[in-house]
Structure formats: C-alpha cells, structure tokens
Amino acid sequence: MLSKARVLEIRKVSSNCYFLLLEEARIARESLPGQFLHIRIGESLTPFLRRPFSIAGTSPENGTLKILFQVMGEGTRILSMVQKEDRLDCLGPLGSGFSTQKAHNTSVLLAGGIGAAPLMFLSEALLREQKKVIFYYGASSLEQIIPVRSFFPSEAEVYLATEDGSAGYRGFVTEAFQEGLNNGLKPAEIFACGPKPMLQKLAEKNRDWKFPMQISLEERMACGIGACQGCAVTVQEKGETRCGLVCRDGPVFNWDEVVW
Amino acid sequence: MANLEVELGALKLKNPVLAASGTFGFGEEYSSLIDLEKLGAIMVKGLTLKPRQGNPAPRITETPAGMLNAIGLQNPGLDAFLSRELPRLIDSHAAVIVNIAGDTEEDYITLARELSGVPGIVALELNLSCPNVKQGGILFGTSKMIMGRLITKVRGICPIPLIVKLSPNVTDITELAHAAEESGADIISLINTLKGMVIDIKSKRPLLGNITGGLSGPAIRPVAVRMVYDVYRSVKIPLIGMGGIMNLDDALQFFMAGARAVAVGAGNFVDPCAMPRLIDDLRSYLEKEGLQSVDEIVGSAQI
C-alpha cells in the first residue's frame, strides 16, 4: 500500500488550488472514486503527519492519477512547491469509495470548493455507466473557482455558483441546486463533497427530498488506516449511535448515517 | 549475526522494538503493510472492561514535530477483544502485550484476571497515565500511594510479567518509578504523552474536542530520554523507553539512557515501515560495532 509516486506535472488552477499529476501504476489501477491517498509532505519532522487527499481521477492505462488540492496551511503550502520528477511517498488508496452500481440514471454531483476533486473521478465512472451527470459547483468567488469545465468530461452538464455572484448563480451551491429542483430537475441520486456546513444543509434538506445521497467527509487524520482512531465521526445505524472513522468507515457515508 | 533477543526480567522478546499502545490499534490495520511477526511485541490499544466510545472530534491536531491527541481510550471492550481481536493477532504470530485501563481498582483487577492466563498474551501493561479520560488512568499514575496499592493488588493475581506505564505529567517521575518497583512491577515503560493544548485563534476556542490532549512525536523525545536516564538510576527493573522514536539514531539514545527495549508510537503514523526498518538497522549497527547484543549499550550514557 506504500508507493513512491513520480510527479509528472504540478499546476496552479485557481487562486489557492493546485493540480498534481502523478505516475504510480499500482495506485492508478487500484483506486476507486471516493478513495484517498495519504501523502507524506517532505522528509522533515515538521509538518509531521501525512495529509489525506481525495483522488481526482486515474488513467490505469497510463499509470497516472490526479490530485487537486487547496493550500490550507503549512503542509499543503509545501506540497504546492513540489517539482516535476520529485517523488511523493503515498499510502493508499485508502477508505471506501462511492457506490455506483445502482440503476439510477440522472446523477447530480454537488461540490463546494476543493470538494470537486473526488466528484471529478466519480463523474468519469458514472459516464462510463451511461448515466447523465449534472454537476453543481460552488466557490466563494470567481478567483477561487477551479476551471472545472476543463477537468470534467465534456458530457457532464456544469452549473456554477459563487457566493459573491462573480460567476454563475449568486449564492450557495445548495441554493443553485434548489433552484434547479424548482425548475424541474429530477435527480435519481446525489453525490456531494464540500465544507461541513454545506453537507449538513444538504442532509437537512434531504429529510424532505429523500433522494439517495452519498457524501464524502473530511477530518483531521493521523494514521489514515483505522489504527489511531483520530478521525472520529458519530454515525447511526438502526437507531443506535456509534463512533465511526472517516478514514476506514468513510470518507464516503450515506447522508442519513452521519449524526451532525 | 548479532542477536537481537532481549530479556526484560521474565519477559523474553525476539527483539527490543515494540509498537506503542494506542498507535497500532490491534495490529490488524498494519498487517497488510508490515509483517507483525517481525516485531518484538505489539502493545495493543488501551483496553477497558466495557466498550468505550472515546472523545468528541476533533481528536487530533498536528504540532511542531509531533501531534496532540485526545482519543479517549476508544476501544471495543474486553469481550470483543478476546473473541475478535486477539485470535487475529495470534494468527499473525505477534507477541501481544495488552495495555489495560480502568476507572476503578476493580476494573484493573478484573481485566488482569481475565487476560493473564490467556495463551498468546506475553505481558500486561498497566495504563496509569492516559491524560485524556476523566476518571482512572492518570489518577492512578500520579499518586504514589494510590498507584502502589493498585499495582500490589494486580500483581497478586497476575502470573505473567507486569509492565507499568508511567506518566511524564508529574513533578518527579523517579518517585513514581520507585513506587512501581516497590509494589511489584516487573518492567516500567515510559513515557506516556505530555499533556498539552492548542487554541484555534480564529474561533478563540481549544482546537481539540476534549480541550486538552497528549503530546507525542519527536517534539517530546528529549524529555523522554531524560526521564529514562533518571529512572534507570532509580530502579533496578528493566525499562521500555518511548517518546518520538522515528529511527535507529533515536532508539540508540533511549538504549544509552537505560532502556532495554524501545517502542515506536506516533512514528508509525508517518512511516508505517518505521519498526521493521529500525529492527534491521539495529541489527546492522550491532554487527558494525562488534556487539553481541543490545545489553552492551543499555545505560552506556550513564556517568
């Protein structure tokens, strides 16, 4: 599960997001949409822990994979400075993926910010299953928008929302989606990834909507494999709550599993 | 080839490199990454009588050269350990040391009684030093009198080697070490995490759900080395040293300070292969230095 991946390309794609193309045949072959890589940042002791990143796409035939990441702190700032031919120590692929085998036709993908990453990977799988993919993507402003149209397969319908209205719908991505529903959109299922408040809002709304919905969560992690029990999330099963782990039980959960 | 076997009193280990409790789960999580049989022993996640849910999130945060955790002893409890986790560990041929924690003396005694005769368990480690639970744990580890009484009682019903894990969050760790030895501990392991805190300056609130947590990683290594050095001079029983060990150089400091075995903790998160590599590197070091066993360097820094 541990591999050194070769950096083929690193590119800034928005004011604070980067695109990373890596070469590592095993990871490219084994990864499923929704899974993540736990990447060591440099060899020094600070930053100390690995950082988890959703896999944004793979090309098994070329042995390559994509990562999209946002600079949030010191670890991601250092990662943004890697160069072509550098080797990255990657643990993974880890976690559970989205499940896509259902016979649903129209899939709606909802992403906030860097949450677009795992959904890009998912969209490729959904399109291969001949499904209609509609992608709602929200960011705070135009400059923070990842050029999703260039990353998403052209068959996907893409709708943008910005909080300041500098591009697309003015408001939250959840509101843009609500407007879509008002205009007759009929999703067979929803996949979402983004900031916690966005996912929480979706889960609340879905008590009325009742769409099949899977969400991908984020939490601070140490080991990434279920040993340290650091990335706890309260989940419920048949009315009983228990402590789940984002790394092992997730990061993908059913919307009604998570206790907010 | 140099012999890596060590004897810590009655506890014989194939090598002196152990997985520190709380950083290695019940071994299973790492079994696809490393050969568990290769390790000196696995000190499993702190076990309580009943299942425990642990603390609210966030439970961990990174710190300079380390991390702060407040997991809160989340574990499946004694019954699930015996029926589910232990058989897997035994199948992997790992030497198992069970770290036990309780809210009361009775908890510790019941756990010790239930576990100490079970085949496959080579020793018990008394967790008297978890900083992240309200009752028990640390309460037993910071008072000489309370600790001594508990160890005496557990000793009386535990036929296998008894390890006592000490907290660094005390004024004088040698006093506690001495009390542990007097009360019948066979081995002392040290150190547990240092109690710490991180504040999120944006929300003006403690970052961890538990408010405080335990600091581990290379950041605490000099503190741990100093404590092993001090305790080695205060007691005659063998020591297992831990605190920020990432590689051979780090481990050697602990041996030289007086530890007869070492444990890797947070280092496993960063480098899952840290322990097997350390075992190989230790063997090469002994051969290169012309040493027969680790014993020849234990305490060699004492002056």
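Structure: see above.
Residues numbered from 1 in each chain as written. Chains lettered and ligands numbered in written order. Predicted model: local features only at pLDDT ≥ 70, side-chain atom pairs only at ≥ 80, totals over all residues. Heavy atoms only, no water.

**A word on the packing of aromatic side chains**
Residues and elements named next belong to chain A.
Stage number 1. With the rule as written, the count across this model stands at 12 aromatic pairs over all chains.
Stage number 2. Measuring from centroid to centroid gives 5.5 Å for F98 and F191, while their planes differ by 90 degrees, and the two rings are edge-to-face. Of the two residues, F98 is situated in the loop between β6 (87-94) and β7 (106-112) and F191 in strand β11 (residues 189-193); the sequence distance between them amounts to 93 residues. In this pair, the class of F98 matches that of F191, namely buried.
Stage number 3. Judged by centre distance (5.1 Å) and plane angle (20 degrees), the ring pair of Y136 and Y159 falls under stacked. Here Y136, found in strand β8 (residues 132-139), pairs with Y159, found in strand β9 (residues 157-162); they are 23 residues apart in sequence, far enough to count as distant. (Phe/Tyr/Trp six-rings, centres within 6.5 Å; stacked < 30°, edge-to-face > 60°. Helix = DSSP H or I, 4+ residues; strand = E, 2+ residues; numbered from the N terminus. Buried < 20%, exposed > 50% of the residue type's maximum accessible area, 1.4 Å probe, protein only.)

**Things to note about the interface of chain B and chain A**
Stage number 1. The interface of chain B with chain A comprises 33 residues on the first partner and 27 residues on the second.
Stage number 2. Together chain B and chain A conceal approximately 2500 Å² of surface at their shared face, both sides included; 64% is due to carbon and sulfur atoms.
Stage number 3. Contact with chain A buries area across many residues of chain B, yet I60, E62 and V270 of chain B alone supply 25% of it, more than any other trio.
Stage number 4. At the surface where chain B touches chain A, the tally comes to 9 residue pairs in polar contact (both at pLDDT 80 or more).
Stage number 5. Classifying every residue of the side of chain B that touches chain A gives 18 nonpolar, 10 polar and 5 charged. (Contact = heavy atoms within 4.5 Å. Buried area = accessible area lost by both parts, 1.4 Å probe. Polar contact = N/O pair within 3.5 Å; in protein donor to acceptor, adjacent residues only side chain to side chain. Nonpolar A, V, L, I, M, F, W, Y, C, P; charged D, E, K, R; others polar.)

**Some thoughts on the pairing of β8 of chain A**
Residues and elements named next belong to chain A.
Stage number 1. Counting buried residues in β8 gives 7 out of 8 residues, a clear majority hidden from the surface.
Stage number 2. Of the strand pairs in this sheet, β7 and β8 are connected by 7 bridges, and their pairing is parallel. Bridge assignment links L110 to a residue of β8, and that residue is Y136.
Stage number 3. After leaving β7, the chain enters helix α3 (residues 116-128) and then returns to the sheet as β8, a path that is right-handed.
Stage number 4. Pairing of β8 with β9, which is carried by 6 bridges, proceeds in the parallel orientation. For Y137, the partnering residue across the bridge sits in β9 and is L160. (Pairing = 2+ DSSP bridges. Right-handed = clockwise from strand over helix to strand, strands pointing away.)

**Overview of the sheet that holds strand β5 (residues 60-63) of chain B**
Residue and element names in this part refer to chain B.
Stage number 1. Pairing is antiparallel across the open sheet formed by 4 strands, whose spatial order is β5-β6-β14-β11. Edge strands, defined here as strands with exactly one partner in the open sheet, are β5 and β11 (194-196). If you compare each strand with its neighbour and ignore which way they point, the axes differ by 35 degrees on average.
Stage number 2. In terms of strand pairing, strand β6 (residues 66-69) meets strand β14 (residues 213-216) through 3 bridges, oriented antiparallel. Directly across from L68, in β14, lies its bridge partner L215. (Axes fitted to C-alpha atoms, helices over the stretch in contact; angles between N-to-C directions.)

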